[in-house]
Amino acid sequence: MRVAVLLADNCLQIEKHGSFGDMCRNMFKETNPSAVVDIYDVIEGHYPENPMEYSGVIISGSTHSAYGGDDWLQVLQDYIRMMDRSRIRLVGLAFGHQIIAQALGGIVERNPRGWELGWQSFPITSAGGRKLTDLCSWDNRKQILDLLYFHQDHVRQLPAGAVSIGGTRRCAIEGFVKGDHILTFQGQPEFSSEVLEHLVLHHAGPITDEDHMNIMRSIRKPTDSRFIAERLAEFFKYE
């Protein structure tokens, strides 16, 4: 299996964990050690010449906003639309989830409810569960998904034809499926608790001491990151 990661943040580097791209690669190879994972820095304009040579493409997280005005964001959205037309298997994580939604006609904006930080749990919708089961051998008994989160933007409106997989009280759309070729998650299965702790301390907006204590306590809870990595491999193998 060969996977391309489109790195959407070339500034963030966390000691022992690397970039968002490194974290995506490490997550995927932990459950698929024989996979080849190539990273492309899309901010510098680097893309796979032929994405159809890959089993699938992952768009990473980022500290940038999908609705920013930088030229590279427009190029990335054009590339997403090309992959959608070609029905290339595509996964979006966090920022990746948002930029895919926006590129295909959805609406992304600053969440008026503020940051969603730390460990969060949400129920899978029945429609989303059926799509996930079809695409990536989702266990029907997996009706609650636990992941780590770090975002203040959100998808307010889905693209036409997309099916939400569920939401939380703070973020109504925590992921979606479109057709048989696009799968996204607002949560970040590639994150460890150490990564999220670093981001909360150095990159989140002002938070109270009480909120900080609750976030730090929450990120020690177990997550479904490994389960998601296994499901992504199944998704990329889907016929």
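Going by the structure above, here's the rest.
Residues numbered from 1 in each chain as written. Predicted model: local features only at pLDDT ≥ 70, side-chain atom pairs only at ≥ 80, totals over all residues. Heavy atoms only, no water.

Q: I keep staring at the nonpolar core and nothing clicks. Help me out?
A: Note on soluble globular proteins: their nonpolar side chains tend to be buried together. Membership of the largest hydrophobic core comes to 31 residues, with the highest contact counts inside it found for L6, L76, I80, I99 and I100. Counting residues per element, the ones that place at least two in this core are β1 (2-7), β3 (56-59), α2 (71-86) and α3 (95-103). By residue number, the principal contributor to this core is α2, which donates six residues. I100 has contacts with I59, I80, L90, V91, G92, F176, I182 and T184, leaving out every residue within four places of it along the chain. Judged by nonpolar contacts, the second largest core, of 30 residues, contains L93, F122, F227 and A229. (Core = buried A, V, L, I, M, F, W, Y, C linked by side-chain atoms within 4.5 Å. Buried < 20%, exposed > 50% of the residue type's maximum accessible area, 1.4 Å probe, protein only. Helix = DSSP H or I, 4+ residues; strand = E, 2+ residues; numbered from the N terminus. Contact = heavy atoms within 4.5 Å.)

Q: Can you walk me through the packing of α2 against α3 in this structure?
A: Put simply, α2 and α3 touch, their axes get as near as 9 Å, and they point 75° apart. Relative to α3, the element α2 is oriented roughly perpendicular. In this structure, α2 uses W72, L73, L76, Q77, I80 and R81 to contact α3, whose residues at the interface are F95, I99, I100, Q102 and A103. A per-class count over the contact of α2 with α3 returns eight nonpolar, two polar and one charged. (Axes fitted to C-alpha atoms, helices over the stretch in contact; angles between N-to-C directions. Parallel < 35°, antiparallel > 145°, perpendicular 65-115°, else oblique. Nonpolar A, V, L, I, M, F, W, Y, C, P; charged D, E, K, R; others polar.)

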